[in-house]
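# Close look at the chain arrangement
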Amino acid sequence: MNAVISNETLHAFVDGELDVTESEALTARLSGDQTLAQRVCALRSLQSMVRLAYAEPPVAPKARPRATQRRQLMQRCTYGCLVLLVGLSGGWALRGLEFQTASVLPTRASGGYQTVSLAREADPNRVMLHLDSASPERMEAALDRAEQLLDEAEEQGRRMQLEIVANSYGINLMRAGVSPHEARIVRMTRRHANLQWVACNQTIARYTREGQIVELLPVARSAPTAIGEIVTRLQQGWTYVRV
Amino acid sequence: MISKFLFGPMRPGMEAQRPVLYRIAYAWCHDPTLADDLVQEAMSKAWARRAQLRDEASLKAWMVSIMNHCWLDHLRGRRDFDDVDELQDTLESGAESPEVCCNREQVIACVRAAVARLPLGQRQVLTLVDLEEFGYAEVAKILNIPVGTVMSRLSRARASLKVMLDNAAKQHAAQPALRRVK
């Protein structure tokens, strides 16, 4: 069995393509055949040289923007947009939550009116309603709101202080003989001990200068200025609602 | 993790083949830029046709076969070649003959030059077998040629490679310090 082994067979042997019996037979011949061993050795070294030659292929110059980079950029943009969208929608959802939890009062107290409080959480037990208009709807709204708040507080057993501050044309609400709700105001005051009516002195002075005599209802008191009253109350922790 | 979620499990597997493909492509064309283009084209084609791959274990061979098509398309696109099939056995690159080999860098340059001078068909078979250790049957499938052709091309490729490298070594031995200046 000394037939010359073809190059193809030898290559197949080196590449592990021969089946087990052929491979074993060749291995057995290798130990006795010096030239054959040299041929195998030469083949293996050739193979390893080729591997070495391409172990670290030179890197292509990346001067021009490649499609992958563009695609990666697009991907990153997509992720960015996604994150932004999640953030926005999350913020939007939380905004509703925040609004509900942080200001339990304003939804009830103002019902769409502007609510201001210097305290971190609006105090539902100390509220002032600010009226500066003589329009019948606004006046009625102020009284309705006041009654609603006081009734709620009573139902829940809270001791509530409510002040209705009027200036400018809103002062008509508290003028004796002018106010369209005189009876109601008197009734409300009788019913709720902590309801106060405050009129702006400056407004009264202005009316007086214009020749109108301003006579307040007996339940109303006057403050030097409405703004001063409001600011003082805010500093005391009151909640301000503009009607 | 997000990319896995968005692009499915195939994507990282394909991306992992990039260095392998690049090495093969470079061994075929010996041009970094062209090799990069080939890899890119093969990757995008593979991604577009990912549904055609039935067995994920053969991902590498499948992608190499796609790259082979890209390479042949590229050669057809060059106007100085008409019939790629005919050129498979005759095409040699215009690379310089292997020069003096002594240290590692020179050996690498030398072998690359020798491989570059091999006819295209032989070069492809040799690189697939030696660099990536594909079986003969796999190479036959990748290049779409019979197994017998794989074996004969490999045999011829190694023989001529050996001759070229031996010649280079002889040159080196004969002229250790002098270089021919034309």
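The notes below deal with the structure included here.

Definitions and cut-offs
Residues numbered from 1 in each chain as written. Chains lettered and ligands numbered in written order. Predicted model: local features only at pLDDT ≥ 70, side-chain atom pairs only at ≥ 80, totals over all residues. Core = buried A, V, L, I, M, F, W, Y, C linked by C-beta atoms within 7 Å. Buried ≥ 20, exposed ≤ 12 C-beta atoms within 10 Å, placed from the backbone. Contact = placed C-beta atoms within 7 Å. Helix = DSSP H or I, 4+ residues; strand = E, 2+ residues; numbered from the N terminus. Nonpolar A, V, L, I, M, F, W, Y, C, P; charged D, E, K, R; others polar. Axes fitted to C-alpha atoms, helices over the stretch in contact; angles between N-to-C directions. Parallel < 35°, antiparallel > 145°, perpendicular 65-115°, else oblique. Left-handed = near helix turned anticlockwise from the far one by under 90°. Expected span 1.5 Å × (residues − 1).

## A word on the nonpolar core
Membership of the largest hydrophobic core comes to 53 residues, with the highest contact counts inside it found for Ala 25, Ala 42 and Met 67 of chain B. If near-sequence neighbours (up to four positions away) are discounted, Ala 25 of chain B is found in contact with Ala 35, Leu 38, Val 39 and Met 67 of chain B. Counting 32 residues, the second-largest nonpolar core is a separate cluster that includes Ile 164, Leu 173, Leu 195 and Ala 199 of chain A.

## A short note on the interface of chain B and chain A
Facing the 30 residues of chain B at the interface are 25 residues of chain A. For the side of chain B that touches chain A, the secondary-structure elements that each account for two or more residues are α3 (18–29), α4 (32–48), α7 (104–117), α8 (120–132) and α10 (147–174) of chain B. Top contributing element to the side of chain B that touches chain A by residue count: α10 of chain B, with 8 residues. A class-by-class count of the residues in the side of chain B that touches chain A yields 18 nonpolar, 6 polar and 6 charged.

## Describing the packing of α3 of chain B against α4 of chain B
Residues and elements named next belong to chain B. The contact between α3 and α4 brings their axes to 8 Å, and the two run at 135°. The angle between the axes of α3 and α4 places the two elements in the oblique class. As α3 packs across α4, the resulting crossing turns out to be right-handed. From α3, Arg 18, Leu 21, Tyr 22, Ala 25, Tyr 26 and Cys 29 reach across to α4, where they touch Pro 32, Leu 34, Ala 35, Asp 36, Leu 38, Val 39, Ala 42 and Met 43.

## Focus: helix α5 (residues 59–77) of chain B
The terminal C-alpha atoms of α5 of chain B lie 27 Å apart, and with 19 residues this matches the ideal 27 Å at 1.5 Å per residue to within 8%. When α5 of chain B is considered as a whole, its buried residues turn out to be Trp 62, Met 63, Val 64, Ile 66, Met 67, Asn 68, Cys 70 and Trp 71 of chain B.

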